[in-house]
Amino acid sequence: ATPLIAGLAVAATALAGRYSIQAWQAYKARPIVPRMRKFYEGGFQPTMNRREAALILGVRETANTEKIKEAHKRVMVANHPDAGGSHYLASKINEAKDVLTGKTKGGGSAF
């Protein structure tokens, strides 16, 4: 009876190993899908409004000035022209900060 039990245990282990290998290969072959997007999708409006400015900086429309400044600094570090970023995006980020803090210049960005 002992050799029979040992044989069944070896067979079960082999089947479990085979299933594990197949599951791992299927897991590796699946397409990579981002779960959450942390960036602003879409183009810019001709004149920036508070909603768009909040989306660009990643804050709420009703955020206080400190949070707006922190978010502006964080986003600007990632997109600064001196660090290889775009001048256009930097101007939009600055415009978003101005819109949310109430210091709008009126004409939109320079680009």
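Structure: see above.
Only a predicted model underlies this, so the values are computations on that prediction, with no experimental measurement involved.

Criteria and thresholds
Residues numbered from 1 in each chain as written. Predicted model: local features only at pLDDT ≥ 70, side-chain atom pairs only at ≥ 80, totals over all residues. Heavy atoms only, no water. Helix = DSSP H or I, 4+ residues; strand = E, 2+ residues; numbered from the N terminus. Buried < 20%, exposed > 50% of the residue type's maximum accessible area, 1.4 Å probe, protein only. Contact = heavy atoms within 4.5 Å. Areas by Shrake-Rupley, 256 points an atom, 1.4 Å probe, with all protein chains shown as cover. Axes fitted to C-alpha atoms, helices over the stretch in contact; angles between N-to-C directions. Parallel < 35°, antiparallel > 145°, perpendicular 65-115°, else oblique. Nonpolar A, V, L, I, M, F, W, Y, C, P; charged D, E, K, R; others polar.

What the protein chain contains, in helices and strands, is 4 helices and 0 strands. The buried share of the protein chain, taken over its 111 residues, is 21%. For the protein chain, the share of sequence-separated contacts (at least 6 apart) that also reach a separation of at least 24 residues comes to 42%. Carbon and sulfur atoms make up 58% of the accessible area of the protein chain, which amounts to about 8800 Å² in all.

Between two packed helices, what matters for the description is the angle formed by their axes and the separation of those axes. At a minimum axis separation of 10 Å, helix H3 (residues 65–79) and helix H4 (residues 87–101) run at an interaxial angle of 180°. Classed by the angle they form, the pair H3 and H4 counts as roughly antiparallel. On H4, the residues that touch Thr65, Ile68, His72, Val75, Met76 and Asn79 of H3 are Leu89, Ala90, Ile93, Asn94, Lys97, Leu100 and Thr101. Residues of the contact of H3 with H4, tallied by class, amount to 7 nonpolar, 5 polar and 1 charged.

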